[in-house]
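Structural overview
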Amino acid sequence: MSNIVYIATSLDGYIADKENKLDWLMETPNPDEDDFGFQAFMDSVDAVVMGRNTLDVVLSFDGPWPYTKPLFVLSNTLTSVPKGYEDKVTIISGEPKQIVPQLKEQGFERLYIDGGRTIQGFMQQDLIDEMIITTIPTVLGGGIPLFGDLEKPVKFKHMKSERFLDCIVKNHFVRQG
């Protein structure tokens with residue numbers, strides 16, 4: 001089983017600005033509407049696990065539902081799926097160490113882990129196997145950090161880098177040990 005992070009950060013490591021906004025992610029002109037490999041990544045995973053806050057952000061986007069894979073929302077407070085998304089979203093609760101075996105029993109082997117608190121929780125429980133982090137050349141000076149406190153370092157090996165639009169860099173890391 002693999003748990004994989006695919007996310008964008010600012011140069012200073014934030015995934016959202018001080019107002020919890022993502023506008024800065026779209027400021028780089030992208031005339032060809034390149035997805036920077038996101039669809040290929042989505043084709044490689046079995047399901048998505050995200051937190052409630054990230055779901056709220058996704059639901060605020062204009063346009064069609066962006067996921068074709070099962071989406072599990074990790075929440076200990078959400079009691080029902082937002083109306084109209086009952087066939088797209090499943091609520092799960094508990095600690096990542098409990099959730100991962102449950103999803104594996106359901107046949108899900110490659111999980112896309114998304115959302116700040118969710119990624120931090122999986123990292124704290126040593127459950128991240130790969131990270132694909134796209135760096136946007138913006139310094140936010142504060143906001144929601146990608147990583148939180150850890151009891152001990154978690155080591156990764158850098159596998160490759162890709163450059164897009166002469167300014168965006170996507171790095172792929174795999175867990176060591």
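These notes cover the structure that comes with them. Keep in mind the model is a prediction, meaning the values are calculated, not measured.

1. Some words on the nonpolar core
- Val49, Leu103, Ile113, Phe122 and Ile128 are the most contacted members of the largest nonpolar core, which has 24 residues in total.
- Broken down by secondary-structure element, the contributors of at least two residues to this core are β1 (2-10), β3 (47-51), β4 (71-74), α3 (96-105), β6 (110-114), α4 (116-124) and β7 (130-136).
- Not counting chain neighbours up to four residues away, the residues in contact with isoleucine 128 comprise Asn3, Val5, Ile113, Ile119, Phe122, Met123, Phe156 and Arg175.
- Core analysis: the second largest hydrophobic core is formed by 18 residues, Phe41, Met50, Val58 and Ile132 among them.

2. Looking at the packing of aromatic side chains
- Inspection of the entire model under this criterion finds nine aromatic pairs.
- Taken together, a centroid distance of 5.6 Å and an interplanar angle of 70 degrees make the contact between tryptophan 65 and tyrosine 67 edge-to-face. Like tyrosine 67, tryptophan 65 is buried.
- Through a chain of ring-to-ring contacts, the aromatic side chains of Tyr6, Phe38, Phe41 and Tyr112 assemble into a single cluster.

Basis of the calculations
- Residues numbered from 1 in each chain as written.
- Predicted model: local features only at pLDDT ≥ 70, side-chain atom pairs only at ≥ 80, totals over all residues.
- Heavy atoms only, no water.
- Core = buried A, V, L, I, M, F, W, Y, C linked by side-chain atoms within 4.5 Å.
- Buried < 20%, exposed > 50% of the residue type's maximum accessible area, 1.4 Å probe, protein only.
- Helix = DSSP H or I, 4+ residues; strand = E, 2+ residues; numbered from the N terminus.
- Contact = heavy atoms within 4.5 Å.
- Phe/Tyr/Trp six-rings, centres within 6.5 Å; stacked < 30°, edge-to-face > 60°.

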